[in-house]
Amino acid sequence: MNNNIKNIANQAIQAMRQGQIPQALQLFSQLQTLNVEHFELIKAHGIALLQHGDETTAKSRLLDALALNDNADAVHNIVGDLYKKEGQLQLAKHHFEKAITLNDKVFQYHFNMGLCLKQDNNWRDAIDALQRVLALKMDFDKARMALADCYLQLNDVEKSLSILSKVLNKNDIYYLNRYCDVLLRNSQLDNALDTFNQAVKLQPNAEFIYETYALGLLHHGLNKQALAVFKQGLSVIPNSAKLLGLYASLAFESGAEQPFLPYVNIPKSQLTASLAAEHLNKLVNSGHLHAAEQQLQHYKKTTSFASQLLYSECQIHKNQGGFSDVLKCVNDARVDLNNPQSLAIKELYSDSLLATDKPADALKHIEQLLSWQPNNQYYWALKSSCLRLTDSSAYQRLCDYDKLVFRRELEIDKAKYANLDSFNQELMAVLEDIHQMKNQPLAQSVYQGIQTPGFLFQHDQPIIADLRRYLKNTAKSVLNTTLIDSLAPSHPVRQFYRQDFDFATAWSIWIEQGGFHRSHVHPKGWYSSAYYVAVPESVNDADDHQGCFAVGKPGLQLNSDMQQKLDFERYLQPEVGILTLFPSYVWHSTIPFTGSEPRVSVAFDLK
C-alpha cells in the first residue's frame, strides 16, 4: 500500500471516528476506484454506507469484504441482518449460521437467527435458537418475549404466559403489549383491557399498543370496539400510517360510513407523500377510481410532494386498463428502473409491458425483480405469463398443471367424526359465527363476498384445531420429496421447498350469488389451497363453469386480443370435502355463480 493510499485510508477512518460520514464515504470511494483490496478498509466502507442509510450498497461492500476474509463472524451477522430486512431469509440464515459456526458464544447471533426463523414462520427452530440466546444471556427480555410469541403462534397460550411471567422488567412497553396479546388469546378480556390501559398510560403514542389490542378484540368478533380503539389511537397519533390503514380497512369491511375520512382529517402539517399515497391506494382498492383521480389532483394542487405520487398515478391508470399511460408516466418521469428502490414502479411497468403485448421486454424487467425478491410469487406469475407468450416449453415446465395442481379429499379422524359430511356441517356452523364482516376486504381478490380477519387457526374452537391438523396432513401426503425431486433445481417449487413447511396464513371466504374471485396469486406463499366447506347446488348442476376454480388467466385488465392469448386454461369444479393445492404463483380465480346458497371455503398458504 503506497503512501497516497495510506493517507486516504487514514483520513477515511479518522472521518468515521469523528462522525463525518459523507466525507468518509468520499474517501472510501477513492479507495474503491483505486481497487484497494484490504479487508478492514472495505468493511469500514460498508459500515459507513450503513450509517449513511444506503443498505443496498453497504451489503455489496460487506460481501466484498467477506470475499477477502470469510471468517469475519461480525460481518456475516450484519449481512444476514440486511438480507433479513430484504425478506431474503434463506440467504440471511446462511450468514447467521456462518456467524454462529465461527463464534457460537455471541448471544446476538443466535437472537438474529431466531428472529429470522420467526419471520419465516419456522416456529420450532426459532424456539430452539431463542432458547440458546437465553442460555447465554438469561436477562435478555427481548428473547424471552420473542420466545413467548413463538409459542403463541403454535397456540400454546399457557406456555406463552409462563414465559412472559419470567420477564424481568414488567413496566416495559413491549412486555405489556405482548402480555396484552396473550391475555386476549386466552380470552381474559378484562385483564387485557387493564394491561392495555397501563400501556397507554406509559406510552400513549406507541401505535403498536392500539394495533395489538384492537386486533385482539377483532379476533373475538368485537368489531365496533376494535374500531373505537383505532380511533383512540388516531386521536393521539393522527398521522400513524399503521393505524390509518388498519382503521380504513376494518371500517370498509364493517360497512362503516366514510371509512377513509381519517386520511382527510390528517393535519396538513403532518401529511406526507406516503400517507397521501396510501389514501389513494385505499380509494383505488375500494373501486372508487374517479374519487382517486379527484383526490390525486387535489394533492397535486395543495401539496409540495406531487412528484412523489407517481406510483399512485400509475396505479390508477393500471386499474382503469390504461397500461400505455403507465408506460408513458414512468418514461416521462425518467425513473431509474435498475435501482431496487424503484421496485414498486418497476412492477407496474412490467405489468404494463405484458398487458400491451411486449412480453419479451417485460420478461427482462421481471428477471431483475426476481433477482431482488427471488421468492415473490407475483413475479413468478408474471414470468409465467411472459413465457406462455414467448417460450411454451419453459412455460410448461413452470406451470405443469397436471403435475403441480392437486385435488384431494380431506383426511379426517373417522373415530372422531362420523363422516366428512358431518365434519363439514359442524365446521360450517363455526365459520358462520366467525364471519362478522359486511363488505369484501380491501386489496383482496374476492368480490361480493366476505373474509374472516386475521389468522383463522388462532381461533380456539376444537374443530378449527382439527381442521388445521387435517389440512396439513393431507397437504403433506401430496407435497412430498417424490414431487420435489422430480423438479429441476431451479424450479421455484423446489427452490423454496422446506420439509417442515407450515401455514403462513389461513382465512375463510363466504361468497353469495354473483360473487367471485378476481384472478390473483398469493405473493408470500409457496403452495396455496382452497378447501370447500359448502358448494351451491347450482354449481354442481351447471355446465357453464359457474363457481369453478379457473387457472391461467393473469389478473390484469387485458384487451380482447390479449385475453384470447392469455385466457383460462383449466376449470376445476369445486366439491365439498375436497381441497385444491397449487403453487402460490399460479394465476387463479373463480367464476360467478347463481343460486341462493353460499360458496364457503377455507384458503391457506403454506411456506
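Scroll up to find the structure.
Our subject in this report is the structure included herewith. (Residues numbered from 1 in each chain as written. Predicted model: local features only at pLDDT ≥ 70, side-chain atom pairs only at ≥ 80, totals over all residues. Heavy atoms only, no water.)

Let's talk about the environment of Val-535
- Inspection of the secondary structure assignment puts Val-535 in the loop between strand E4 (527-534) and helix H30 (537-541).
- Between the C-alpha atoms of Val-535 and Ile-127, which are 408 residues apart in sequence, the distance is 40 Å.
- Setting aside anything within four residues of it in sequence, one finds Val-535 in contact with Asn-540, Pro-574, Glu-575, Val-576 and Pro-598. (Helix = DSSP H or I, 4+ residues; strand = E, 2+ residues; numbered from the N terminus. Contact = heavy atoms within 4.5 Å.)

Remarks on empty space enclosed by the protein
- On inspection of all chains with the given rule, the structure shows two cavities of 30 Å³ or more.
- Put simply, the largest cavity is a space of about 40 Å³.
- Lining the largest cavity we find Ser-384, Ser-385, Arg-388, Tyr-395, Cys-399, Tyr-401, Gly-552, Val-586 and Trp-587.
- Broken down by element, the residue count for the lining of the largest cavity peaks at three residues, all from helix H23 (residues 377-390). (1 Å grid on protein atoms, 1.4 Å probe; cavity = no way out; pocket = protein on both sides within 12 Å on 5 of 7 lines; lining within 4 Å. Points joined across faces, edges and corners; volume = space filled by probe spheres on them.)

Quick notes on the sheet that holds strand E6 (residues 570-572)
- Spatially, E6-E5-E8 is the arrangement adopted by the three strands of the open sheet, whose pairing is antiparallel. Both outer strands of the open sheet, E6 and strand E8 (588-590), are each paired with one neighbouring strand and no more. Averaged over neighbouring strand pairs, the angle between their axes works out to 25° when direction is ignored.
- Note that strand E5 (residues 549-551) and E6 share three bridges and pair antiparallel. Pairing of Val-551 across the sheet is with Arg-570, part of E6. (Pairing = 2+ DSSP bridges. Axes fitted to C-alpha atoms, helices over the stretch in contact; angles between N-to-C directions.)

Looking at the packing of helix H3 (residues 39-52) against helix H4 (residues 55-68)
- Two numbers describe how H3 lies on H4: the axes approach to 8 Å, and their chain directions differ by 165°. With respect to their mutual orientation, H3 and H4 come out roughly antiparallel. With respect to the hand of their crossing, H3 and H4 are arranged in left-handed fashion. On H4, the residues that touch Phe-39, Ile-42, Lys-43, His-45, Gly-46, Ile-47, Leu-49 and Leu-50 of H3 are Glu-55, Thr-57, Ala-58, Arg-61, Leu-62, Asp-64, Ala-65 and Leu-68.
- In terms of residue class, the contact of H3 with H4 is made up of nine nonpolar, three polar and four charged. (Parallel < 35°, antiparallel > 145°, perpendicular 65-115°, else oblique. Left-handed = near helix turned anticlockwise from the far one by under 90°. Nonpolar A, V, L, I, M, F, W, Y, C, P; charged D, E, K, R; others polar.)

Examining the packing of aromatic side chains
- A complete count under the given rule lists 21 aromatic pairs for this structure.
- Ring geometry for Tyr-417 versus Tyr-470: centroids 6.4 Å apart, planes at 85°, classification edge-to-face. With a gap of 53 residues between them, Tyr-417 in the loop between strand E1 (406-409) and helix H26 (420-434) and Tyr-470 in helix H27 (residues 462-478) connect regions that are remote in the sequence. One exposure class covers both Tyr-417 and Tyr-470, and it is buried.
- Through a chain of ring-to-ring contacts, three or more aromatic side chains come together here, namely Phe-455, Phe-457, Phe-503 and Phe-604.
- The ring of Phe-501 carries the charged tip of Lys-476 above its face, separated from the ring centre by 4.3 Å. (Phe/Tyr/Trp six-rings, centres within 6.5 Å; stacked < 30°, edge-to-face > 60°. Buried < 20%, exposed > 50% of the residue type's maximum accessible area, 1.4 Å probe, protein only. Lys NZ or Arg CZ within 6 Å of the ring centre and 35° of its normal.)

Side note on the packing of helix H19 (residues 310-319) against helix H21 (residues 343-355)
- H21 packs onto H19 with a crossing angle of 25° between their chain directions and a minimal axis gap of 10 Å. Classified by the angle between their axes, H19 and H21 sit roughly parallel to one another. When the axes of H19 and H21 are compared, the crossing they make is left-handed. Residues Leu-310, Tyr-311, Cys-314, Gln-315 and Lys-318 of H19 form the contact with H21, whose own contacting residues are Ala-344, Ile-345, Leu-348 and Asp-351.
- Partitioned by chemical class, the residues of the contact of H19 with H21 number six nonpolar, one polar and two charged.

Describing helix H1 (residues 3-17)
- The terminal C-alpha atoms of H1, which comprises 15 residues, lie 21 Å apart, in line with the 21 Å expected from a rise of 1.5 Å per residue.
- Residues of H1 that are buried include every one of Ile-5, Ile-8, Ala-9, Ala-12, Ala-15 and Met-16, and no others. End-on, the buried residues of H1 take up no more than an arc of 130°, which puts them together on one face. Away from its buried face by more than 90 degrees, H1 exposes Asn-3, Asn-10 and Arg-17. (Expected span 1.5 Å × (residues − 1). Arc of directions from axis to C-beta.)

Quick word on the layout of surface pockets
- Each pocket or cavity is described by its volume, and for the second largest pocket that value is around 360 Å³.
- Around the second largest pocket, the lining is made up of 14 residues, and of these Thr-56, Lys-59, Glu-86, Pro-340 and Trp-372 lie nearest the centre.
- In terms of residues, the lining of the second largest pocket owes the most to one element, H4, which gives three residues.
- Of the residues assigned to the lining of the second largest pocket, the class counts are four nonpolar, six polar and four charged.

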